[in-house]
Amino acid sequence: METIGVWIGNGAAPAFKQADLLAAVPQLRSPAHVVQDPASGALGVAQGGLFMPQGMQAPGGTPAWPVLATLPPIYPEWLGDRSFCETHAVRFPYVSGAMANGIASTRLVIAMARAGFLGFFGAAGLGPATIEQALHELERELGTADSGGLTWGANLIHSPNEPAIEERVADLYIRRGVRRVSAAAYMRPTPPTFATPTRGWASVRADGSGASTMCSRRSRVPRSRVTSSSLRPPRCSTCWSRRAS
Ligand SMILES: Cc1cc2nc3c(=O)[nH]c(=O)nc-3n(C[C@H](O)[C@H](O)[C@H](O)COP(=O)(O)O)c2cc1C
């Protein structure tokens, strides 16, 4: 097999056994070199040490393994779009979606925020008073966007049969300065929550798929940018199933 260089362990040895190979898998942040045991021909993985590309000479007497391929390091922070991390001030471009009735609990959202992710509190199916209590806890533990706190968000579920509750929850988010809201289950944008510029925040997408729809900033979104494409039945705000209305 064609080699691209050699690997010198500087005291370390490549992994050839199954358990050692498995231990190497989570080491995503280090380059991984696919090496061949010159004696047996077995393939293994080498990390750390020193890779010397073809043409460079390993010092005489140093054990060196031929390298067939090299995997560059992969940082979870680098996956996805960097602008997501910049916009939401998170380390990792990952979201834990809202899950109704507080299944996506305050504890989950707090743990996500502290680990550098963005979590949305599962506010659907909960009354405004319970949601306010949860927001209070999130603010206490994580701070708010305006106070330079950690990043978190909450869900705004479309409740076609309970517009007053939807309205109250929207008002609550605005009043308490919740800057990240995942708006879900919308069949079409509702004027009070999405298209009214005086609201101070608006959805960038409302297509009924909902869960990853985010209102990231207090920004005015022209009505033309707010789209409504889904003809699917709305989500139940309690159990998250789709009802044929
Ligand atoms: C039990 C359960 C409840 C959910 N409830 C909500 C909800 O209330 N609001 C919402 O926007 N998304 C809700 N979702 C959708 C999730 O936030 C997420 O977007 C969805 O599960 C897709 O992510 P996944 O592919 O990683 O599962 C729910 C999902 C599950 C499994």
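Residues numbered from 1 in each chain as written. Predicted model: local features only at pLDDT ≥ 70, side-chain atom pairs only at ≥ 80, totals over all residues.

**Section: the sheet that holds strand β3 (residues 43–46)**
- Spatial strand order, β3-β2-β5-β1-β4: five strands in an open sheet with antiparallel pairing. Of all strands in the sheet, those bounded by a partner on one side alone are β3 and β4 (50–53). Neighbouring strand axes in the sheet, compared pairwise and without regard to direction, differ in orientation by 40° on average.
- The sheet contact formed by strand β2 (residues 32–36) and strand β5 (residues 64–71) spans four bridges and is antiparallel. Considered in β5, the bridge of H33 is made with T70. (Pairing = 2+ DSSP bridges. Helix = DSSP H or I, 4+ residues; strand = E, 2+ residues; numbered from the N terminus. Axes fitted to C-alpha atoms, helices over the stretch in contact; angles between N-to-C directions.)

**Some remarks on the pairing of β3**
- Because side chains alternate across β3, one face comprises the buried residues G44 and A46, and the other comprises L43 and V45, none of which is buried.
- Between the end of β2 and the start of β3, which pair antiparallel, lie six residues, with G41 showing a positive phi angle near 80°. (Buried ≥ 20, exposed ≤ 12 C-beta atoms within 10 Å, placed from the backbone.)

**A look at the environment of L172**
- Inspection of the secondary structure assignment puts L172 in helix α5 (residues 163–176).
- C-beta crowding within 10 Å serves as the criterion here: with 18 such atoms nearby, L172 is assigned to the partly exposed category.
- Sequence separation between L172 and A129 is 43 residues, and the spatial gap between their C-alpha atoms is 9.6 Å.
- When sequence neighbours within four positions are dropped, the list of residues in contact with L172 reads P128, I131 and E132. (Contact = placed C-beta atoms within 7 Å.)

**Describing the packing of helix α3 (residues 106–115) against helix α4 (residues 128–142)**
- It is the contact of α3 with α4, at a shortest axis distance of 10 Å, that shows an interaxial angle of 25°. If you check the angle between α3 and α4, you find them roughly parallel. Crossing geometry of α3 relative to α4 is assigned as right-handed. Across from T106, V109, I110 and A113 in α3, the residues of α4 making contact are A134, E137, L138, E141 and L142.
- Residues of the contact of α3 with α4, tallied by class, amount to six nonpolar, one polar and two charged. (Parallel < 35°, antiparallel > 145°, perpendicular 65-115°, else oblique. Left-handed = near helix turned anticlockwise from the far one by under 90°. Nonpolar A, V, L, I, M, F, W, Y, C, P; charged D, E, K, R; others polar.)

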